[in-house]
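Architecture at a glance
Chain by chain, the residues:
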There are 2 protein chains.
Amino acid sequence: MRNFSRGRPDPLPREKNDCAADWLYVTAALFVHRKDTNMSWRDNLIKIEPYVAGEQPDKKDFIKLNANENPYPPSPMVQAILSRFDSGCLKKYPDANAAPLAAKLAEYHGLERGNVFVGNGSDDVLALCFRAFFNSDKPVIYPDITYSFYPVWCDMLRIPFETIPVDKDFRIRAEDYARPNGGVVIANPNAPTSISEGLDFIRKILDANRDSVVIVDEAYVDFGGTTALPLLSEYENLVITRTFSKSRSMAGMRIGYAMGNKEIISALYAAKDSYNSYPMDSVAVEAGIASVEDEDYFRETLEKVIATRARLTEGLRGLGFDVADSAANFVFAEHGTLRARDICEYLKTRDIYVRYFSKPRIDNRLRITVGTDGEIEALLAALKELVND
Amino acid sequence: MRNFSRGRPDPLPREKNDCAADWLYVTAALFVHRKDTNMSWRDNLIKIEPYVAGEQPDKKDFIKLNANENPYPPSPMVQAILSRFDSGCLKKYPDANAAPLAAKLAEYHGLERGNVFVGNGSDDVLALCFRAFFNSDKPVIYPDITYSFYPVWCDMLRIPFETIPVDKDFRIRAEDYARPNGGVVIANPNAPTSISEGLDFIRKILDANRDSVVIVDEAYVDFGGTTALPLLSEYENLVITRTFSKSRSMAGMRIGYAMGNKEIISALYAAKDSYNSYPMDSVAVEAGIASVEDEDYFRETLEKVIATRARLTEGLRGLGFDVADSAANFVFAEHGTLRARDICEYLKTRDIYVRYFSKPRIDNRLRITVGTDGEIEALLAALKELVND
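Position numbers for residues start from 1 in each chain and track the written sequence from start to end. To label them, take the chains in the order written and letter them from A, then take the ligands in the order written and number them from 1. Local features are withheld for residues below a pLDDT of 70 in this predicted model, meaning they are given only at 70 or higher, and side-chain atom pairs are given and counted only at 80 or more; totals for whole chains, interfaces and linings count all residues. Note: side-chain values were computed over all heavy atoms of the structure, leaving out hydrogens and water.

**Focus on the overall build of chain A**
Only DSSP runs of H or I reaching four residues or more are called helices, and only runs of E reaching two or more are called strands; each is numbered from the N terminus. The secondary structure content of chain A amounts to eleven helices and twelve strands. The buried label applies to any residue whose accessible area, calculated with a 1.4 Å probe on protein chains only, is under 20% of its type's maximum; exposed applies above 50%, and partly exposed to all values in between. Within the span of chain A, comprising 389 residues, buried residues form 63% of the whole. Only the protein chains shown count as cover for residues, and all accessible areas are computed by the Shrake-Rupley method using a 1.4 Å probe. About 14300 Å² of surface is accessible on chain A, with carbon and sulfur atoms providing 49% of the total.

**As for the relation of the copies chain A and chain B**
Superposing chain A onto chain B takes a rotation of 180 degrees plus a shift of 0.0 Å along the axis, which leaves an RMSD of 0.0 Å. Here the symmetry operator amounts to a two-fold rotation axis. Residue Ser83(A), judged by its C-alpha, is the member of chain A lying nearest the rotation axis, at 2.0 Å. Least squares is the method for superposing the copies, and the C-alpha atoms it fits come from residues with pLDDT of at least 70 in both.

**Regarding the sheet that holds strand 8 (residues 256-259) of chain A**
All names here are of chain A. One bridge is not enough; two strands pair if DSSP finds at least two bridges between them. The seven strands are arranged 2-8-7-6-5-3-4 in an open sheet whose pairing can be described as mixed. Looking along the sheet, the strands with just one partner apiece sit at the ends: strand 2 (116-119) and strand 4 (161-164). For this sheet the average axis-to-axis angle between neighbouring strands, irrespective of direction, equals 20 degrees. For strand 2 and strand 8, the ladder comprises four bridges, and the chain directions are antiparallel. Across the sheet, the residue bridging to Val116 is Met259, located in strand 8. The angle between two axes is taken between their N-to-C directions and runs from 0 to 180 degrees, where each axis is a line fitted to C-alpha atoms and a helix contributes only its stretch in contact.

**Quick word on the sheet that holds strand 10 (residues 330-335) of chain A**
Residue and element names in this part refer to chain A. Read from one edge of the open sheet, five strands run 1-11-12-10-9, paired in mixed fashion. The open sheet terminates on both sides in strands that have one partner only, identified here as strand 1 (63-65) and strand 9 (321-323). The mean inter-strand angle of the sheet, taken between neighbouring strand axes irrespective of direction, is 35 degrees. Contacts from helix 10 (residues 340-349) reach strand 9, strand 10, strand 11 (352-356) and strand 12 (366-369), with the element oriented near 155 degrees to strand 11. Throughout, a residue-residue contact means that at least one pair of heavy atoms, one from each residue, lies within 4.5 Å. Each of strand 1, strand 9, strand 10, strand 11 and strand 12 is contacted by helix 11 (residues 373-387), which is oriented at about 90 degrees to strand 1, the strand it contacts most.

**Regarding the packing of helix 2 (residues 99-108) of chain B against helix 7 (residues 282-293) of chain B**
Residue and element names in this part refer to chain B. Put simply, helix 2 and helix 7 touch, their axes get as near as 8 Å, and they point 20 degrees apart. Here helix 7 runs roughly parallel to helix 2, going by the angle between their axes. The crossing of helix 2 and helix 7 is left-handed. Across the interface between the two elements, Pro100, Leu101, Lys104, Leu105 and Tyr108 of helix 2 pack against Ala284, Val285, Gly288, Ile289, Val292 and Glu293 of helix 7. Roughly parallel means an angle under 35 degrees; roughly antiparallel, over 145; roughly perpendicular, 65 to 115; everything else is oblique. Two helices that cross are described as forming a left-handed crossing if the nearer one is turned anticlockwise from the farther one by less than a right angle, and a right-handed crossing if clockwise.

**As for the layout of surface pockets**
Of the pockets and cavities examined, the largest pocket occupies roughly 1000 Å³. Along the wall of the largest pocket there are 36 residues; nearest its centre are Gln56(A), Lys64(A), Tyr93(B), Pro94(B) and Asp95(B). Elements with a contribution of two residues or more to the lining of the largest pocket: strand 1 of chain A together with helix 2, helix 6 (262-273) and helix 7 of chain B. Lining residues are those with an atom within 4 Å of a point, where the points come from a 1 Å grid over the protein atoms alone and group into cavities, where a 1.4 Å probe fits but cannot get out, or pockets, open sets with protein on both sides within 12 Å along at least five of seven lines. Grid points are joined across faces, edges and corners, and a volume is the space filled by probe spheres set on the points.

**Overview of the pairing of strand 10 of chain A**
All names here are of chain A. The buried fraction of strand 10 amounts to five of the six residues, a majority that puts the element mostly inside the structure. In the sheet, strand 9 pairs with strand 10 via three bridges, with the strands oriented antiparallel. Of the residues in strand 10, the one forming a bridge with Phe321 is His335. The loop that links strand 9 with its antiparallel partner strand 10 comprises six residues. Strand direction decides the pairing type here: strand 10 and strand 12, joined by four bridges, are antiparallel.

**Digging into the interface of chain A and chain B**
The interface of chain A with chain B comprises 93 residues on the first partner and 93 residues on the second. Taking both partners together, chain A and chain B bury about 8100 Å²; carbon and sulfur atoms supply 49% of that area. Salt-bridge detection follows one rule: a side-chain nitrogen of Lys or Arg within 4 Å of a carboxyl oxygen of Asp or Glu. Residue Glu263(B) pairs with Arg42(A) through a salt bridge whose shortest N-O separation is 2.6 Å. The definition of a polar contact used here is a pair of N or O atoms within 3.5 Å, where within protein one atom must be able to donate a hydrogen and the other to accept one, and adjacent residues in sequence count solely through side-chain atom pairs. Between the two partners, chain A and chain B, sit 42 residue pairs in polar contact (both at pLDDT 80 or more). For the side of chain A that touches chain B, the secondary structure elements donating two or more residues are helix 1 (40-43), helix 2 (76-83), helix 4 (122-133), helix 5 (149-157), helix 7 (262-273) and helix 8 (282-293) of chain A. Partitioning the side of chain A that touches chain B into residue classes produces 43 nonpolar, 26 polar and 24 charged. For any pair of parts, buried area is found by adding up, for both, the accessible area (1.4 Å probe) each one loses once the two are put together. Residues were grouped as follows: Ala, Val, Leu, Ile, Met, Phe, Trp, Tyr, Cys and Pro as nonpolar; Asp, Glu, Lys and Arg as charged; and all remaining residues, including Gly, as polar.

Worth remembering: the numbers are spatial, not functional.
So, in structure tokens, the structure goes:
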């Protein structure tokens, strides 16, 4: 057994970290070491358990409600930018810091340029945040039920972490975060619970954690959550992350960003520069700007998703589901008698894909993305057949 | 002084690692710790010395020969793809593994799909290679004069490394690489020397390193270097990396890739998945495919650059420069009497930017990118004035 001292995640004592990580992994190790002594290059390969992503059916005609994608296309201004993009400029390296998009986002949020960092999707931004801010020997803390990538990054970066149980209604209790830690991460609205907490909740966590960087992951905030943006000027240890993948219908373009005080944002740029100077391509920068400039389309799309979410929530409740009040573009639902796994499998036979997590506490819940009205009607009709069967 | 045990680069004993790293860094630490005891979140920020990139003048009309960009635009087929790209598909996540582009590259190189990994520029690919392959306690070895990011990734990932001096003519001696190590990285053609070594050289290094992964960084190979591709079937520990940034004129699009045996490539995918599932956007994937499909344009562009390189080399030699025979899209030149730094500063006054490295052994050399014929004529004319002054 080789040691794990360099560039390789320590084998974390997962049982101490609740099971937030376990359900993300398959149990088999990826690489089985061969006994051949001439094969020692294999000994130095990364030993990492592969992350299991959501199912992507290998067929065309199905209703995809399992990845929290937006059912509507991006702003027509994004199409216009692509259509007239001069490919000649691609011969040059892009702006290393995606500065034109960062400047546009700063203006949009009423911040200064130095308060914004743009990255290759919010996964890239969050991974860089973990690397840039969480260099303590104390554990980073976050809820046991939350975004599945947090433990993956902790493992990758050898960051100690502890998960804190949400309550029986899947609510995060701010008072649980008043304990020694090396950093705090709160998704708000949380995923996969869809529940949003208010500004007082975030303020309470920030007040209890003046000595740690507190990341508020606002991937879903545009769908009705409460943003922590008003607190940025008050708390210099607050970092807010956002994505273009959900509310801006641009999952395929890979744009995420972080907002915080200039010192914090500088650390993110330093972390980025030590990995890849140019993560953002020139097309993504221009397309991102086009999206931000079309506020009307953005608002209109959000309203449509929110209206459909109301119909979905009501429809599910009418069929005997318990559905949390969602502030995101998905709902988190449990049926009174039918098992979530069975419902998920049944829906697949109808070419409808929703997300099921075989994880303790939530293994009888479904995460259902808000699609178009037509998609949600088809889902509800299929569920009605099942329930009345 | 806090310890450096987690997620933070150890302060490497740089003096033991030659000075390959030092010249990349500014000497001042990025973050000065404040004495205020209420500010301990700052203590957990990443401590990293910023990488100093090439100068990007803040003006429009200048001749940019300092970043090894291609002076010609990408294939017209790239423009066609962008112009007709349906932005509607951006609402969905891209293929997590950029599979259509990876498959196209596999076909192009006569490999199988499982032999190819596509990433967000070759910097992303190389950083993932370092993380996936270099997990030994023995040092990774590479030349003292080579691509400046290698020590940056070693620092970031806490990989021990040793640099091996190139000879007085900047040639890498294969026999120097027959020593215990945790991995080998060879840029071929090397940068900034522009010198390419042959297949026997690579074979010699591979034969001496059956127990290590050997990365051959072929960023510049298309301009006349010798590729290690024929050795892939023979050596299972060989990994070859490439980029679309130079020969394919797509630095602004961020596409790089690696080729190797399937087990090695699987480790790269695992490393990628533990960081960011979707580094490649949908537009880049399509644009990359379009470039690969236009072989005629690709060859034509390479021939133009190679022809201009011959004129540049001859012109510089005629003005008293020593110029290595280049197999890349840049030349590495030293004047008989004039100092490189002075030439570099003089050229700036003529709005011509070339690259100068204030590093021992090469601090009297210039790295000059092969531009268009017109740009190179302007450069030579300016240099003629200087030399005859």
